[in-house]
Amino acid sequence: MHFQFITLNNHLQYILFLADSTLILSQRNSEWCAHGPILEQDIAITNISLDLLGQARNFYQHAANLLNQSNANGETVSEDSLAYLRNEREFKNLLITELPNGDWAQTILRQFFFSVYQHLLYSRLLKSEDKQIAAIAEKSLKEITYHIKWSREWVVRLGDGTEESNRRIKAALDYLWMYTGEFFIPATFEESDPSSLREQWLETIKEVFEEATLELPAGGFMQQGGKTGNHTEYLGYILAEMQTLQRTYPGAEW
Amino acid sequence: MNIQIRKFYYGDIPEDAGGSGSSAQQPVTNGTAWPLWEVFIRSKQGLDHKHAGSLHAADAAMAIENARDVYTRRQEGVSIWVVESKYIHASNPDEAESFYEPAADKVYRHPSFYDLPDEVKHM
Amino acid sequence: MPLADLEKIFQDKIDAEVKIEPKDWMPEAYRKTNVRQISQHAHSEIIGMLPEGNWISRAPSLKRKAILIAKVQDEAGHGLYLYSAAETLGTSREQMIDDLLTGKAKYSSIFNYPTLTWADMGAVGWLVDGAAILNQVMLCRTSYGPYARAMVRICKEESFHQRQGFETLLVLSKGTDEQKAMCQDAINRWWWPSLMMFGPKDSESVNSDMSIKWKIKRKTNDELRQQFVDMIAEQVKLLGMTLPDPNLKWNAARNHYDFGEINWEEFWNVVKGNGPCNRKRMEARRKAHEEGAWVREAAMAYAEKKKTREGRKVA
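Residues numbered from 1 in each chain as written. Chains lettered and ligands numbered in written order. Predicted model: local features only at pLDDT ≥ 70, side-chain atom pairs only at ≥ 80, totals over all residues. Heavy atoms only, no water.

Details of the overall build of chain C
Stated formally: A helix here means a DSSP run of H or I that spans at least four residues, while a strand means a run of E at least two residues long, and both kinds are numbered starting from the N terminus. Each radius of gyration reported is based on C-alpha atoms, and the globular scaling rule is 2.2 Å times the count of residues to the power 0.38.
Helices and strands together make up the secondary structure of chain C, namely eleven helices and two strands. Secondary structure of chain C in N-to-C order comes out as α-α-α-α-α-α-α-α-α-β-β-α-α. Computed over its C-alpha atoms, the radius of gyration of chain C comes to 22 Å, within 12% of the 20 Å expected for a compact globule of 315 residues. When the backbone C-alpha atoms are referred to their principal axes, chain C occupies close to 75 × 50 × 35 Å.

So this is what it looks like as structure tokens:
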């Protein structure tokens, strides 16, 4: 399957963008499984990983259905061929999702940034003309609401916890901040302009940061490229690992 | 009492039976262990909360979330109570006889104690 | 009450199948045996997350990835239930984890073997979980109440583990030649270690066995092992695979399968720390615990600050 030769319309690209972002973040969060700071939180972060994986699968399955309908005589596409046989340049996930986990502070803060963004975006998707996207968004929002609650509490705990935790979450903020701009930079395939989500996103972040005794950075340079397939060097390794069996044994069923 | 357990089972290798992956090192505990909480789950509307187990958490909000992740992964609950274990007061098992046995001969508290003719329905 | 009387009351309860509960009087050795066994069991669940966690990032389909994550997560839950059961006996989880990380406490040696291919996810589920389940089903009736209740919960959740393991292998056994070979290879590597999971032969243990008398355990190592061999020898036929034991043969007179001798030297070597992954497993747990220290500390510090602030508000 050579996806680069299939022309994907904007709508399909958009679904894949939603799928890729949730899959890659799920993949990163699942690295914590068996390595968490305490059993209870190991289970918690793994639950979030599973939620994100479920969301990704829903989007991939939807994309596969649409592709198969429009390409009735060609090769059949599945959630797995979309996740396992597309390459680095074809993945459209947000850069922030592919960054290394770092320490617990970095993982938590990324999750918080992402979940708040995701909540705003998916609330808008509820009105999507594509009923399937709206349905997936509706189901996901329940999960995302919990992810926000969980991650925001942790942001506050770490920000207002010990000197060390405060130092660490500040370092995480320093590292992650320049990857948050991409949420709001529109790509050609996006259904509606995400830049208008920015204000509300900042509002929530600010409110939680105040409780966490953290300061909101003032603007600064923002990285972008994930949406158009210009990734960090990390993504190649994620995919190499994730896709190894499908690539080594083409056509095998698992 | 000096009892030697000599039979080994899965997960039950005696401590003197050899080393481990790494040589013995200094304990790593730093005394910031999270307190223990007891978790009570209502499995569906209309039923009582029932003791499900325990877990560790730094505060009550976290204890409820941990309980959600640990004890309701398979839709076992619709409501959660948590209480820090140290606040549970329990009856003393040494007093079991004086506590519970006096109820044994009060058979007249049970409906089956009363013989009624079969003609009396719905009672 | 004199000690002898207490002991008699205790043993009478056990004999009458009355469960022992945390605040009941119990012989010190009963308490110690339970703490040791339950915590070793808990450690085994936690260390057991590592060999399977090793394949989460490489699971060959999204469905398999979800199943594997859920399964490893269940094991964390099982470890947690078991630590909680042990804590009712007066030993803190921190203490138990310290004992594990300092090498004082043991865990099941099976997890010191590496998971080399995807087929190992199937073999571990089918053979290792299969062996564990026999042990765990028996433990649902163990005499210590909190342990028995933890086991009931665990068995309920565990029932999907062995099934998914077998199903993983079933798919491979019907796949390409490479997949079939991968499947047979995994069975070959995991068969003997899983037989070792039941521990040394009954004849190797000399003294009277208090674990049986106290109904902590209800079956001997050899009984459970035989039960396992009989079960697996039949199931392997459905996979069209073989078990790596030329002496495996149905014995009509015994109504059981006969099987070959276990390599006990290997068993003790792995127990003593010379297994392929002993060091790696311990390092991973130690790292997680040490790197988690500041997180646990921060959460506690925040909880205390918050409590103080709320107290001030009320006052």
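On we go.
Some details on the interface of chain A and chain B
Stated formally: When checking whether two residues touch, look at their non-hydrogen atoms; a contact exists if any pair is within 4.5 Å. Here's the idea: put two parts together, see how much 1.4 Å probe accessible area each one loses, and the total over both is what we call buried area. Salt bridges are defined by distance alone: a side-chain nitrogen of Lys or Arg within 4 Å of a carboxyl oxygen of Asp or Glu. In the analysis that follows, any N or O atom pair within 3.5 Å is treated as a polar contact, provided that within protein one partner can donate a hydrogen and the other can accept it, and provided that, for residues neighboring in sequence, both atoms belong to side chains.
Of the residues lining the interface, twelve residues belong to chain A; the matching set on chain B comes to twelve residues. For chain A, the biggest contributors to the area lost against chain B are E40, Y146 and R157 of chain A; these three give 45% of the whole. Among the salt bridges present, the one from R157 of chain A reaches D59 of chain B, with a minimum N-O distance of 3.6 Å. Put simply, chain A and chain B have three residue pairs in polar contact (both at pLDDT 80 or more) between them.

Observations regarding helix α1 (residues 10–30) of chain A
In an α-helix, one full turn covers 3.6 residues, which means residues spaced three or four apart are oriented alike. Residue and element names in this part refer to chain A. Heads up, the condition is: Here a helix's expected span is defined as the number of its residues, less one, multiplied by 1.5 Å. Each residue's exposure class comes from its accessible area (1.4 Å probe, protein chains only) as a fraction of the maximum for that residue type: buried when under 20%, exposed when over 50%, partly exposed otherwise.
For α1, which comprises 21 residues, the first-to-last C-alpha distance of 30 Å matches the rise-based estimate of 30 Å (1.5 Å per residue) to within 8%. The buried count for α1 comes to 19 of 21 residues, which makes it a mostly enclosed element. One side-chain oxygen of the residue at the start of α1 lies 3.1 Å from the amide nitrogen of H11, identifying that residue as N9.

Considerations on the nonpolar core
Threshold: Only buried Ala, Val, Leu, Ile, Met, Phe, Trp, Tyr and Cys residues count toward a nonpolar core, and they belong to the same one when joined by side-chain atoms within 4.5 Å.
With 198 residues, the main nonpolar core has F113 and W201 of chain A as its most contacted residues. Leaving out residues up to four positions away in the same chain, W201 of chain A has contacts with F113, V116, Y117, L120, W177, T180, F183 and F184 of chain A.

Concerning the pattern of salt bridges
Enumeration over the complete set of coordinates arrives at 43 salt bridges over all chains. Between E164 of chain A and R167 of chain A there is a salt bridge whose closest N-O contact spans 3.8 Å. With E164 of chain A and R167 of chain A both in helix α7 (residues 163–176) and three residues apart, the pair spans about one turn of that helix. The shortest N-O distance in the salt bridge between E157 of chain C and R73 of chain B comes to 3.3 Å. Note that E157 of chain C is positioned in helix α6 (residues 145–173) and R73 of chain B in the loop between α1 (60–71) and β3 (79–84), a pairing that runs across two chains. R73 of chain B carries the same exposure label as E157 of chain C, and that label is buried. In the salt-bridge network here, residues are joined through shared partners; they are K149, E153 and R157 of chain A together with D59 and E65 of chain B.

Here we look at the pairing of strand β1 (residues 36–42) of chain B
On any regular strand, side chains alternate: one points to one face of the sheet, the next to the other face. Residue and element names in this part refer to chain B. Defined as follows: The rule for pairing is simple: two strands pair if DSSP sees at least two bridges between them.
Judged by how many residues are buried, β1 sits mostly within the fold: five of seven residues are covered. Two elements, β1 and strand β2 (residues 49–56), share seven bridges in a ladder whose sense is antiparallel. Directly across from W37, in β2, lies its bridge partner L55.

Considerations on the packing of aromatic side chains
Working definition: an aromatic ring pair is given by the centre-to-centre distance plus the angle between the planes. Residues and elements named next belong to chain A. Threshold: Aromatic pairs are defined between Phe, Tyr and Trp rings, using the six-membered ring for Trp, whenever the two ring centres lie within 6.5 Å; interplanar angles under 30 degrees are classed as stacked, those over 60 as edge-to-face, and all others as tilted.
If you walk through the whole model with that rule in mind, you get 38 aromatic pairs over all chains. Judged by centre distance (5.9 Å) and plane angle (25°), the ring pair of Y14 and F17 falls under stacked. Of this pair, Y14 and F17 are both found in helix α1, three residues apart, which corresponds to roughly one turn of the helix. Aromatic ring contacts, followed pair by pair, group F112, F113, F114, Y117, W177, F183, F184, W201 and F209 into a single cluster.

Observations concerning the environment of R167 of chain A
Residue R167 of chain A is classed as exposed on the basis of its relative accessible area, which comes to 53%. For R167 of chain A and A105 of chain A, which are 62 residues apart along the polypeptide, the C-alpha to C-alpha distance reads 9.6 Å.

Here's the deal with the layout of surface pockets
Stated precisely, the cut-off is as follows: Whether a set of points on the 1 Å grid over the protein atoms alone is a cavity depends on a 1.4 Å probe fitting there but being unable to get out, while an open set qualifies as a pocket with protein on both sides within 12 Å along at least five of seven lines; lining residues are those with an atom within 4 Å of a point. Grid points are joined across faces, edges and corners, and a volume is the space filled by probe spheres set on the points. Ten residues, namely Ala, Val, Leu, Ile, Met, Phe, Trp, Tyr, Cys and Pro, are considered nonpolar, four, namely Asp, Glu, Lys and Arg, are considered charged, and the remaining ones, Gly among them, are considered polar.
Estimates place the volume of the largest pocket at around 1400 Å³. Only β1 and β2 of chain B together with α3 (62–87) and α6 of chain C provide two or more residues apiece to the lining of the largest pocket. Here the lining of the largest pocket gets seven residues from one element, more than from any other, and that element is α6 of chain C. Counted by class, the lining of the largest pocket contains 16 nonpolar, ten polar and 13 charged residues. Here the second largest pocket is characterised by a volume of approximately 800 Å³. Lining the second largest pocket are 33 residues, and of these E31, W32, C33 and H35 of chain A together with K287 of chain C lie nearest its centre. Taken together, the elements giving at least two residues each to the lining of the second largest pocket come down to α1 and α9 (234–242) of chain A together with α2 (28–53) and α11 (278–314) of chain C. Take the lining of the second largest pocket: its biggest share by element is ten residues, from α11 of chain C. Tallied by class, the residues present in the lining of the second largest pocket amount to twelve nonpolar, ten polar and eleven charged.

Some points on a nonpolar patch on the surface
What counts, and what does not: For patches, a residue must show more than 30% relative accessible area and have no salt bridge; joins then use 9 Å for like charges and 5 Å for nonpolar side chains, namely Val, Leu, Ile, Met, Phe, Trp and Tyr. Throughout, the Shrake-Rupley method with a 1.4 Å probe supplies accessible areas, and for residues the shown protein chains are the sole cover considered.
Side chains of V107, Y108, F113, Y114, L116, V120 and M123 of chain B sit close together on the surface and give an oily, nonpolar patch of about 750 Å² of accessible area. Assignment of secondary structure puts M123 of chain B in the segment after α2 (96–100).

A closer look at unusual backbone geometry
All names here are of chain C. Of note in this structure, E17 is not a glycine but carries a positive phi near 65°. As for its placement among the helices and strands, E17 is situated in the loop between α1 (3–15) and α2. For E17, a relative accessible area of 44% gives the class partly exposed. Unlike most non-glycine residues, K215 shows phi in positive territory, near 60°.

Examining the packing of α2 of chain C against helix α5 (residues 119–139) of chain C
A pair of packed helices is captured by two measures, namely the crossing angle of their axes and the spacing between those axes. All names here are of chain C. Here is the rule: Helix axes are fitted to C-alpha atoms over the stretch in contact, other axes to C-alpha atoms as well, and angles between N-to-C directions run from 0 to 180 degrees. Comment on the angle field: the value is read as roughly parallel under 35 degrees, roughly antiparallel over 145, roughly perpendicular from 65 to 115, and oblique elsewhere. Left-handed describes a crossing in which the near helix is turned anticlockwise from the far one by less than a right angle; the clockwise case is right-handed.
Two numbers describe how α2 lies on α5: the axes approach to 13 Å, and their chain directions differ by 165°. Comparing their axes, α5 and α2 come out roughly antiparallel. The handedness of the crossing between α2 and α5 is left-handed. Residues Q37, H41, E45, P51 and E52 of α2 pack against M121, V124, Q136 and L139 of α5. Tallied by class, the residues present in the contact of α2 with α5 amount to four nonpolar, three polar and two charged.

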